[in-house]
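Here is what each chain is made of, one letter per residue.
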Amino acid sequence: MSIQSNIQNIRQFIPADVKLVCVSKYHPNEAIEEAYSCGERVFGESKVQEMCGKYEMLPKDIEWHFIGHLQSNKIKSIVPFVSLIHGVDSFKLLTEINKHAEKANRKVNCLLQVHIAQEETKFGFSERELIEVLSGNEWKNLKNVQICGLMGMATFSNSENQVRAEFKTLKNLFSKLKADFFPTEDSFKEISMGMSADFKLAIDEGSSMVRIGSSIFGNRIY
Ligand SMILES: *Cc1c(COP(=O)(O)O)cnc(C)c1O
């Protein structure tokens, strides 16, 4: 299957108000160019160096989303051009992003990652930690980051019930946080959930942004 036919196939299932992030990590520039020629403009990467290299080489109207685990010492290189950082999983990281964004004279869009899966290996805040952070006032002083919503990854599981329940948990938490902490902030609106294996369930459960890699570009070679 070609990238073009994969995109055409997937696009049938994505409503107009859900954003498709084409996860191009580990795939070459040519693959991104092919998706770009189909009209795709939003690409997700998980390694800082790789994303910076691709940004240099590829068209400047691409929206680059960072979806990996971001290390503090690497924030600086993506801050000038990144459109959205999906995986902010600590207050310290948010503070560091804010610091670099201020120097770059930018406001950087961020999603707070929530740990919704059963696996220990996935990153993210617990619900309790997140409420603790947002209940404080410190985050409001971070003028160079915009908290745009939440991101989560479901358990890698064949159980549709389990995956669906985890997406529901994220959606419910989003609604609660929206009401309690962002009632008048239109920019707090994103729920980034759903990947190749589970994006249809995620859309069913209220996703606003799906991150799809292998179903578009094929298997990754690490
Ligand atoms: C790699 C990755 C994806 C894409 O996964 P696929 O199963 O290939 O669609 C989505 N989200 C995150 C956070 C990832 O690291």
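Coordinates for the structure precede this section.
Residues numbered from 1 in each chain as written. Predicted model: local features only at pLDDT ≥ 70, side-chain atom pairs only at ≥ 80, totals over all residues. Heavy atoms only, no water.

Account for the nonpolar core, with residues named and values stated.
Judged by nonpolar contacts, the single largest core of 64 residues is most densely connected at Ile-78, Ile-97 and Leu-150. By residue number, the principal contributor to this core is helix α7 (residues 160-181), which donates seven residues. Sequence-distant contacts of Ile-97, that is, excluding residues within four places in its chain, are made with Leu-70, Ile-75, Val-79, Ile-85, Val-88, Val-108, Cys-110 and Val-145. (Core = buried A, V, L, I, M, F, W, Y, C linked by side-chain atoms within 4.5 Å. Buried < 20%, exposed > 50% of the residue type's maximum accessible area, 1.4 Å probe, protein only. Helix = DSSP H or I, 4+ residues; strand = E, 2+ residues; numbered from the N terminus. Contact = heavy atoms within 4.5 Å.)

Please give an account of the pairing of strand β4 (residues 84-88) that cites residues and values.
The buried count for β4 comes to five of five residues, which makes it a mostly enclosed element. Bridge analysis of strand β3 (residues 63-66) against β4 gives two bridges, and the strand direction is parallel. Within β4, the residue paired with Phe-66 across the bridge is Ile-85. Following the backbone out of β4, through helix α5 (residues 91-103) and into the adjacent parallel strand β5 (residues 108-114), one traces a crossover that is right-handed. (Pairing = 2+ DSSP bridges. Right-handed = clockwise from strand over helix to strand, strands pointing away.)

Which residues make up the site of the ligand, and what values go with them?
Contacts to the ligand come from Val-23, Lys-25, Ile-67, Met-151, Met-153, Met-195, Ser-196, Arg-211, Ile-212, Gly-213, Ser-214 and Arg-220. Between the ligand and the protein, one listed contact pairs an oxygen atom with a side-chain N or O atom of Ser-196 at 2.6 Å. In the model, an oxygen atom of the ligand is placed 2.8 Å from a nitrogen or oxygen of the Arg-220 side chain. For the ligand, the protein covers 89% of the area, taking 390 Å² as the surface of the free molecule. Taken together, the residues that form the shell around the ligand break down as six nonpolar, three polar and three charged. (Near = heavy atom within 4 Å. Polar contact = N/O pair within 3.5 Å; in protein donor to acceptor, adjacent residues only side chain to side chain. Areas by Shrake-Rupley, 256 points an atom, 1.4 Å probe, with all protein chains shown as cover. Nonpolar A, V, L, I, M, F, W, Y, C, P; charged D, E, K, R; others polar.)

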